[in-house]
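Single-letter residue listing:
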Amino acid sequence: MAQKGVQLTQETFSCSICLDLLKDPVTIPCGHSYCMNCINGFWDGEEEKKIYSCPQCRQTFTPRPVLVKNTMLAVLVEQLKKTGLQAAPADHCYAGPEDVACDFCTGMKLKAVKSCLVCLVSYCEKHLQPHYDLAPLKKHKLVEPSKKLQENICSRHDEVMKMFCRTDQQSICYLCPVDEHKGHDTVSAAAERTERQRELEVSRQNIQQRIQDREKDVKLLQQEVEAINQSANKKVEHSEKIFTELIHLIQKRSSDVKQQIRSQQETEVSRVKELEEKLEQEITELKRKDAELKQLSHTEDHIQFLHNYPSLSALSESTDSSSINIRPLSYFEDVTAAVSEVRDKLQDILREERTNISLTVTEDDASLSDPPEPKTRAEFLKYSRDITLDPNTANTQLLLSERNKKVTFMKHQQSYPDHPDRFRYCYQVLGRERLTGRCYWEVVRKGRVYVAVAYKKICRAGCGKVCGFGRNDKSWALDCSKNSYTFWHNNTETPVSGHGSSRVGVYLDHRAGILSFYRVSETMTLLHRVQTTFTKPLFAGLWFYNNYGDIAEFIKLK
């Protein structure tokens, strides 16, 4: 039926519309074949345009082609169903651009299911079968399909690399120790893998422990956020209640003042109206009197004039007009002045108290939600932090050891790589951990050491007050000498009383702005306490003076 080497698959006889084997196959004018129902359904959707196209090549036909079953193709499909040729590998078994292809397949390559580290070949399921059946091949190492098998070949000797040179830290073949790796410390790759596997497990344990620690820290931070939100909500509710009461009080006072003004208004209006009525009555009387005198003035009878004049010329007492004082803009000036005075005083109070409120919000929150400052060592240990030193910050005269918890001031420089975080001139080193919230740690020292905290942005390239702990506004440090202490901040020295001790405890309450140093023995003796405002996370630090051999170590607290 097919020429040798030609592979007939189900795809060859599938309808591109339903993706199944052809049913009642028809061939349209462009040469492509479909199920009769599939192509009819497709063209029914194009009936309105009266233009019919091929779903594959998009060639158009007008009018709609008459479909006739392709009998030869139908017979061939039926034969394929009976012979099982349609069971050829499905598309998803072929290797794509991102897949590892079988090296034994010819033509269209299938996906590899395994790679052999001995043969350095990748196999599909069919070509892999001999590795399961033949005894010599069963010993070969099979791994997940890999595109990097050729990286296992020695570029010099073209041999499989099965050894490892510890001297040069690279994989080699069995011929390499004869020439360029002669005399080197070499082991089998399996042995080196075993050793590295142990180190890997230790690293994983450390990572998992750090993950647990960080998850605890995240949980604590989440609890702190919840506490902050709850406290803030309570304070907002309380503040709103107080201001509402204040508003009601002002409204009540406003109503009283309004009533007072209206009452005074009524009294003044009544007084003016009463005076107005008296004046109106007097005007009426005077007009009447004037009319009578006018009439009398026209009397021709002298005797009659003289007889009536005495009674008509006498005037009633005039109303006192001295109380009339028109001042429409100043009737209630005393009330207005009093209200304005109240307003001005209230503005002054609010303006003055605004700063106090903003400054005390954090302190009030802390006093309401935070536990009191610890007193005993057991209480301090509740806030213990595990401090590790950052090698990238260490001055080259400092040797880190004990998992980066211990530092020794060396006479000779250490071979550290260049790093922008490294202190170049000051013999200093910073810890890795960002210190926020409440933290406590202890340092055991031998010799003169500055026990410090600093912001991360502290200068690294300078010396003295530019970079030295305590010599600038970005760090705080306790100078621990043999028998005395001195505290430094912003290049200001503060003497500290107390006998020298090899162990110093440091307590930090970042939010409250508290930094305390303690001499640790059977009891906790406060050496110096700082009350300030920290604007960024802090980092623990150590600064060595000029005495080679001095040592300091961050103690793991239990």
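Per chain, residues are indexed from 1 in the order of the written sequence. Local features are withheld for residues below a pLDDT of 70 in this predicted model, meaning they are given only at 70 or higher, and side-chain atom pairs are given and counted only at 80 or more; totals for whole chains, interfaces and linings count all residues. Working from all heavy atoms in the structure, the side-chain values ignore hydrogens and water.

A few points about the overall build of the chain
Helices and strands together make up the secondary structure of the chain, namely 8 helices and 23 strands. Classification of residues uses two cut-offs on accessible area relative to the type maximum, computed with a 1.4 Å probe and protein chains only: under 20% is buried, over 50% is exposed, and between them is partly exposed. Residue burial in the chain is summarised as follows: out of 558 residues, 29% are buried. Throughout, a residue-residue contact means that at least one pair of heavy atoms, one from each residue, lies within 4.5 Å. Once local pairs closer than 6 in sequence are excluded, the contacts in the chain between residues at least 24 apart make up 53%. Accessible areas in this description were obtained via Shrake-Rupley with a 1.4 Å probe; residue shielding takes into account the shown protein chains only. As presented, the chain carries roughly 37100 Å² of accessible surface, and 53% of it is formed by carbon and sulfur atoms. Helix and strand assignments follow DSSP, with helices taken as H or I runs no shorter than four residues and strands as E runs no shorter than two, numbered in order from the N terminus.

Points about the pairing of strand S14 (residues 438-446)
Counted residue by residue, S14 has 7 buried out of 9 residues, so it is predominantly covered. Of the strand pairs in this sheet, S14 and strand S19 (residues 503-509) are connected by 7 bridges, and their pairing is antiparallel. Bridge pairing in S19 links Arg438 to Asp509. Here, strands pair whenever DSSP counts at least two bridges between them. Sheet topology places S14 next to strand S23 (residues 551-554); 4 bridges connect them, and they run antiparallel.

Some words on the sheet that holds strand S8 (residues 163-165)
Across the sheet, 3 strands lie side by side as S9-S8-S10; this open sheet has antiparallel pairing. Of all strands in the sheet, those bounded by a partner on one side alone are strand S9 (170-172) and strand S10 (186-188). Here the strands of the sheet are splayed against their neighbours by 35 degrees on average, with no regard to which way each runs. Bridge count for S8 against S9 is 3 bridges, and the pairing is antiparallel. What sits directly across from Met163, in S9, is Ile172. Convention adopted: a line fitted to C-alpha atoms gives each axis, helices being fitted over their contacting stretch, and angles between N-to-C directions are expressed from 0 to 180 degrees.

Some thoughts on the state of the cysteines
Cysteine sulfur atoms that come within 2.5 Å of each other are treated as a disulfide pair. Per the counting criterion, the structure on display carries 0 disulfides. Looking at Cys54, it has no disulfide partner, and the nearest cysteine sulfur is the one in Cys30, 3.5 Å off. Relative accessible area serves as the criterion here: at 0%, Cys54 is assigned to the buried category.

A look at the layout of surface pockets
Of the volumes computed, that of the largest pocket is approximately 1900 Å³. Along the walls of the largest pocket sit 42 residues, with Asp213, Arg214, Asp217, Ser384 and Arg385 positioned nearest its centre. Of all the secondary structure elements, the ones that give two or more residues to the lining of the largest pocket are helix H5 (189-297), helix H7 (333-369) and S14. It is H5 that contributes the most residues to the lining of the largest pocket, 16 residues altogether. Throughout this entry, Asp, Glu, Lys and Arg are counted as charged residues, while Ala, Val, Leu, Ile, Met, Phe, Trp, Tyr, Cys and Pro are counted as nonpolar. The remaining residues, Gly among them, count as polar. Taken together, the residues of the lining of the largest pocket sort by class into 10 nonpolar, 12 polar and 20 charged. The method works on a 1 Å grid over the protein atoms by themselves. A cavity is a set of points holding a 1.4 Å probe that cannot get out, a pocket is an open set with protein on both sides within 12 Å along at least five of seven lines, and residues with an atom within 4 Å of a point line them. Grid points are joined across faces, edges and corners, and a volume is the space filled by probe spheres set on the points.

As for H5
Take the residue count of a helix, subtract one, and multiply by 1.5 Å to get its expected span. End to end, H5 covers 151 Å across 109 residues, agreeing with the expected 162 Å (1.5 Å per residue, within 8%). Residues of H5 that are buried: Glu192, Ser231, Val257, Leu275, Glu282, Lys289 and Leu296.

Considerations on the nonpolar core
We call a set of buried Ala, Val, Leu, Ile, Met, Phe, Trp, Tyr and Cys residues a nonpolar core when their side-chain atoms join them within 4.5 Å. Trp441, Trp476, Leu478, Leu515, Phe517 and Leu542 are the most contacted members of the largest nonpolar core, which totals 36 residues. Judged by nonpolar contacts, the second largest core, of 18 residues, contains Leu21, Ile39, Leu67 and Val77.

Re the packing of aromatic side chains
Put simply, two rings from Phe, Tyr or Trp (the six-membered ring, in Trp's case) pair if the centres are within 6.5 Å, and we call them stacked under 30 degrees between planes, edge-to-face over 60, tilted for the rest. Within this structure, the stated rule accounts for 16 aromatic pairs. On the basis of an interplanar angle of 35 degrees and a centroid distance of 4.6 Å, the ring pair of Tyr450 and Trp543 is categorised as tilted. With Tyr450 in strand S15 (residues 449-455) and Trp543 in strand S22 (residues 538-544), the pair connects residues that are 93 residues apart, well separated along the chain. Summarising the burial analysis for this pair, Tyr450 and Trp543 share the class buried. Over the face of the ring belonging to Phe423 we find Arg460, whose NZ or CZ atom lies 5.0 Å from the ring centre. Here, over-ring charges are defined by two tests on the NZ atom of lysine or the CZ atom of arginine: distance to the ring centre within 6 Å, and angle to the ring normal within 35 degrees. The cationic tip of Arg471 hangs over the ring face of Trp488; the distance from NZ or CZ to the ring centre is 3.6 Å.

What to know about the pairing of S22
One face of the sheet, then the other: side chains in a regular strand alternate in exactly this way. Burial of S22 is extensive: 7 of the 7 residues sit out of reach of the surface. Alternating positions in S22 separate into two faces, Leu538, Ala540, Leu542 and Phe544 on one and Phe539, Gly541 and Trp543 on the other, with burial throughout. With 3 bridges joining them, strand S13 (residues 428-430) and S22 adopt antiparallel strand pairing. Looking at the pairing, Gln428 lines up with Trp543 of S22. Relative to S22, S15 is paired through 7 bridges, and the arrangement is antiparallel. Each residue of the ladder has a partner; that of Val453, found in S22, is Ala540.

Description of the pattern of salt bridges
Any Lys or Arg side-chain nitrogen located within 4 Å of an Asp or Glu carboxyl oxygen qualifies as a salt bridge. Under the defined criterion, the tally for this structure stands at 24 salt bridges. Note that Glu373 is salt-bridged to Arg529, the shortest N-O span being 2.9 Å. Taken together, the residues Glu373 in the loop between H7 and helix H8 (377-381) and Arg529 in strand S21 (residues 524-531) connect sequence positions 156 residues apart. Classification of Glu373 as partly exposed rests on a relative accessible area of 21%. According to the relative accessible area criterion, Arg529 is partly exposed, its value standing at 38%. The network of salt bridges with shared partners includes Asp44, Glu47, Lys50 and Arg64.

Considerations on unusual backbone geometry
Of the consecutive residues Thr62 and Pro63, the connecting peptide bond is found in the cis state with omega at 0 degrees. Here Pro63 lies in the loop between strand S4 (60-61) and helix H2 (71-83). Not every positive phi belongs to a glycine, and Leu120 is a case in point at roughly 55 degrees. Its location among the elements puts Leu120 in the loop between strand S5 (114-116) and strand S6 (121-123). Of note, the phi angle at Asn491 is positive, near 65 degrees, even though the residue is not glycine.

Digging into the confidence of the model for the chain
Low pLDDT means the predicted coordinates in that region are not meant to be read closely. Note: pLDDT gives the predictor's confidence per residue, expressed from 0 to 100. Mean pLDDT for the chain: 85, with 90% of residues reaching 70 or above. At the level of individual helices and strands, the chain shows its lowest average pLDDT in H7, which scores 61, and its highest in S13, which scores 97. Confidence over residues 1-6 falls short of pLDDT 50; this stretch has 2 contacts with residues more than four positions distant or in other chains. In this model residues 358-368 is a low-confidence stretch, pLDDT under 50, and it forms 6 contacts with partners more than four residues away in sequence or in other chains.

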